[in-house]
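Tertiary structure, described
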Amino acid sequence: MRRIHHYVAGKELPGTSGRFGPVFDPATGVQQAEVAFASAAEVDRAVAAAVGAAASWRDSALGKRADVLFRFRQLLVARRADLAAAITSEHGKVPSDAAGEVARGIENVEFAAGVPQLLKGGYSEGVSAGVDVYSIRQPLGVVAAITPFNFPAMVPLWMVANAIACGNAVVLKPSEKDPSASVLLARWLEEAGLPPGVLNVVHGDRGAVDRLLEHPSIAAVSFVGSTPVARSIYQRGTAVGKRVQALGGAKNHMVVLPDADLDAAADAAVSAAYGSAGERCMAISVVVAVGAIGDRLVDAIAARLPKVAIGPGRDPAAEMGPLITAEHRDKVAGYLGAAEAEGATVVVDGRTRRFEGSGFFLGVSLVDRVTRTMSVYRDEIFGPVLAVVRAASYPEALEIVNGNPYGNGAAIFTRDGGAARQFQREVTCGMVGVNVPIPVPVAYYSFGGWKDSLFGDTHIYGPDGIHFYTRGKVVTSRWPDPATSAIDLGFPQTR
Ligand code: NAD
């Protein structure tokens, strides 16, 4: 069985813990590799490599750091198909979704390459006689990045690009389900000129994360994953004095007002609910249909579903791939039975769709007449299941969205600008779409939710990323009037 090793100080580090995890090809259901799970000692080696590299990287010129990122960006552009193929192989998402992920990741590298501009501080001249005050931002040292399975290249790039641009060294612990993209990124960054040890990759599960959380040399932790783990990482990391940003799960609602463009709303719901098999933290998982549009909207979505082409990434016609594991596929399917038992109407049942082979496929499902007490509404399903909740009015729809404990993204579909404006003001979530179902901010804004979708006060990437990976320092300096110098410098004594 092929083994995926750690990558530390510019070299592969074979795992010695004796613990490994399976890496599947989700489209065939066949295990294609095993990934080493790091022991505490192996995590310590990676942290030591990062500590060793951090001091000189911190002292490197801003222009040199930008240069590495520019060259890395060029490598990513030239090799985007290879990276997308690695993503499809281990995650299962179809090539168009994988290419989209790579493109969004590259945006973050482009943003980070502007670091000489981004790290500019403020300056106040003459706050008092001869006294100036200025602010600077400095790197934290060594930071940990812990990432989920669903965006195996983009989420690491959300963190790594800004962290290294700011002069930090990084220990990245990617998802054990699709670990190879992270190793490729580390290798290519070094090819672009990043000194060995500035970015290290350790694989593993909870054991590796626990060691990173308790390691005294880790100054900060960026985490993206499910809410229970995010909450625990935030609590444990901050309890030992680390800076932590922990992004959690989601249940994103799309409110459709009665005046919305029906076809545009139905198309948006289909692509946002079932793209990447619903395994996106910004996927739409609940449509809130307001008033009279409900029946027509459900019919319009249902009519589109037989056309969603489901298949392996090697099939160029496939629009949706398999789920990440057999267990996850079965768990997602279980919500359909529960929804029926709880009184919802399963309009399209993905369980009835048959697939050849042993891949982790599941058809797309649409569940209508969902209420807030049902498990299909309450839980983050993270699969190709779209729930429709009916609301009589805008206030009722808003109450539903804001009553949900998650607060990642929300969208409104309407032709009324005033209604959209009111929604963007009143909705309690971090990212809002107006006639846009998946409002992932471009890289020069920051990404993050509210409530149970984010623990900490700092969103990820963009300006918040620069802020997170640096700490502020304010210098107050006094220089006496040069005319008073003990040595005559030629300044007239007029002041
Ligand atoms: P996960 O929480 O199971 O795993 C995330 C990371 O934490 C992985 O590296 C994993 O190895 C590690 N981990 C798992 N259990 C742990 C534990 N008990 N202690 C310490 N570390 C642990 O998440 P996942 O299944 O890989 O990813 C899907 C989840 O991520 C979904 O909930 C999705 O909404 C969320 N997500 C959120 C965002 C966002 O920006 N808010 C983005 C992508 C994914």
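Residues numbered from 1 in each chain as written. Predicted model: local features only at pLDDT ≥ 70, side-chain atom pairs only at ≥ 80, totals over all residues. Heavy atoms only, no water.

1. Describing the overall build of the protein chain
Cut-off, in case you're wondering: Numbering of helices and strands runs from the N terminus, with a helix taken as a DSSP run of H or I at least four residues long and a strand as a DSSP run of E at least two residues long. The globule rule is 2.2 Å times the number of residues to the power 0.38, and the radius of gyration it is compared with is taken over C-alpha atoms. Only protein chains enter the calculation, and the probe is 1.4 Å; a residue is then buried if its accessible area is under 20% of its type maximum, exposed if over 50%, and partly exposed in between. Throughout, a residue-residue contact means that at least one pair of heavy atoms, one from each residue, lies within 4.5 Å. Surface exposure here means Shrake-Rupley accessible area, sampled with a 1.4 Å probe, where a residue is shielded only by the protein chains that are shown. Charge assignment: positive for Lys and Arg, negative for Asp and Glu; neither His nor the chain ends contribute. Taken as the charge location is NZ of Lys, CZ of Arg, CG of Asp or CD of Glu.
Counting its secondary structure elements, the protein chain contains 16 helices and 23 strands. For a compact globule of 495 residues, the expected C-alpha radius of gyration is about 23 Å, and the protein chain comes in at 25 Å, within 12% of that figure. Across its three principal directions, the C-alpha atoms of the protein chain cover 90 × 60 × 40 Å. Going through the 495 residues of the protein chain one by one, you find that 56% of them count as buried. Pairs at least 24 residues apart make up 72% of the contacts formed inside the protein chain by residues separated by at least 6 positions. When the accessible area of the protein chain is evaluated, it comes to approximately 19,900 Å², of which 54% is carbon and sulfur surface. Distance between charge centroids for the protein chain: 4 Å, based on 48 positive and 49 negative side chains.

2. Details of the domain arrangement of the protein chain
Put simply, the test is: Segmentation into domains, and thus their bounds, comes from an automatic or database assignment. Accessible area, probed at 1.4 Å, shrinks when two parts are joined; the buried area is that loss added up over both. Throughout this description, the term salt bridge denotes a Lys or Arg side-chain nitrogen within 4 Å of a carboxyl oxygen of Asp or Glu.
As far as domains go, the protein chain holds domain 1 (2–248 + 453–476) and domain 2 (252–434). Inter-centroid distance (C-alpha atoms) of domain 1 to domain 2 is 31 Å. In this assembly, 20 residues from domain 1 lie in contact with 25 residues from domain 2. Between domain 1 and domain 2, the buried area comes to about 1,800 Å², and carbon and sulfur atoms account for 63% of it. Where domain 1 meets domain 2, there are one salt bridge. A salt bridge links Asp-97 to Arg-280, with the shortest nitrogen-to-oxygen separation between them at 3.9 Å.

3. Remarks on the environment of Val-389
By the secondary structure assignment, Val-389 is in strand β17 (residues 385–391). Looking at Val-389, the relative accessible area reads 4%, which means it is buried. Remark: the alpha-carbon pair of Val-389 and His-253, spanning 136 residues in sequence, is separated by 9.6 Å. Contact partners of Val-389, with chain neighbours within four places excluded, come to Val-286, Val-287, Val-288, Ala-289, Val-370, Tyr-377 and Ile-400.

4. Section: the sheet that holds strand β4 (residues 20–25)
For the record, the criterion: Strand pairing is assigned whenever DSSP identifies at least 2 bridges connecting the two strands. Angles shown run from 0 to 180 degrees and are taken between the N-to-C directions of axes, each axis being a line fitted to C-alpha atoms and, for helices, limited to the stretch in contact.
With respect to topology, three strands assemble into an open sheet ordered β1-β5-β4, the strand pairing being mixed. Edge positions in the open sheet fall to β1 (3–4) and β4, since each of these has one partner strand only. Judged from the six bridges that link them, β4 and strand β5 (residues 30–36) form a sheet pairing that is antiparallel. Across the sheet, the residue bridging to Asp-25 is Val-30, located in β5. Sheet strands in contact with helix α3 (residues 80–91) are β1, β4 and β5, and its direction is about 105° off that of β4.

5. Describing the packing of helix α1 (residues 40–59) against helix α8 (residues 206–214)
Here is the rule we go by: For this classification, under 35 degrees means roughly parallel, over 145 means roughly antiparallel, 65 to 115 means roughly perpendicular, and everything else is oblique. In a left-handed crossing the near helix is turned counterclockwise from the far helix by less than a right angle, and in a right-handed crossing that turn is clockwise.
Contact pair α1 / α8: the axes reach a minimum separation of 9 Å and the direction vectors enclose 50°. Relative to α8, α1 is oriented oblique. Crossing angle aside, the handedness with which α1 passes α8 is right-handed. Of the residues in α8, those in contact with Ala-40, Val-43, Asp-44 and Val-47 of α1 are Ala-208, Arg-211 and Leu-212.

6. Section: the packing of aromatic side chains
Put simply, the rule is: Two rings belonging to Phe, Tyr or Trp (six-membered ring only in the last case) form a pair when the distance between their centres is within 6.5 Å. Interplanar angles under 30 degrees mark stacking, angles over 60 mark edge-to-face geometry, and anything in between is tilted.
Going through the model one piece at a time under the given rule, you end up with nine aromatic pairs. Ring geometry for Trp-158 and Phe-447: centres 4.6 Å apart, planes at 40°, overall tilted. Of this pair, Trp-158 sits in helix α6 (residues 154–165) while Phe-447 sits in the loop between β20 (431–434) and β21 (450–451); the two residues are 289 residues apart in sequence, bridging distant segments of the chain. By relative accessible area, which is 3% here, Trp-158 ends up buried. Look at Phe-468 and Tyr-469: their rings are 5.2 Å apart centre to centre, the planes differ by 85°, and that puts the pair in the edge-to-face class. Comparing Phe-468 with Tyr-469, the two get one shared label, buried. Feature note: the residues Trp-158, Phe-447 and Tyr-461 constitute an aromatic cluster, connected by ring pairs.

7. Here's the deal with the site of the ligand
Put simply, the rule reads: Here a residue counts as near a molecule or strand whenever at least one of its heavy atoms sits within 4 Å of it. By the criterion applied in these results, polar contacts are pairs of N or O atoms within 3.5 Å in which, for protein atoms, one can donate a hydrogen and the other can accept it, and in which residues neighboring in sequence qualify only through two side-chain atoms. Each residue gets one label: Ala, Val, Leu, Ile, Met, Phe, Trp, Tyr, Cys and Pro are nonpolar, Asp, Glu, Lys and Arg are charged, and the others, such as Gly, are polar.
Lining the immediate environment of the ligand, one finds 27 residues, of which Thr-147, Lys-173, Glu-176, Ser-226 and Glu-380 sit closest. Here an oxygen atom of the ligand sits 2.7 Å away from a polar atom, N or O, in the side chain of Lys-173. Glu-380 places a side-chain nitrogen or oxygen 2.6 Å from an oxygen atom of the ligand. Protein coverage of the free-state accessible area of the ligand, which is 840 Å², stands at 88%. Among the secondary structure elements, those contributing two or more residues to the shell around the ligand are α8 and β11 (218–224). Each residue belonging to the shell around the ligand can be placed in one class, and the counts come to 14 nonpolar, nine polar and four charged. Two domains each put at least three residues into the shell around the ligand: domain 1 (2–248 + 453–476) and domain 2 (252–434).

8. Here we look at the pairing of strand β12 (residues 243–247)
Quick note on the threshold: With the strands pointing away from the viewer, any crossover whose connection runs clockwise from the first strand over the helix to the second is right-handed.
Burial runs high along β12: four of the five residues are buried. Across five bridges, the pairing between β11 and β12 is parallel. Residue Val-224 lies in a different strand from β12, and its bridge partner there is Leu-247. In this region the chain leaves β11, passes through helix α9 (residues 227–239) and returns to the parallel neighbour β12; the handedness of that crossover is right-handed.

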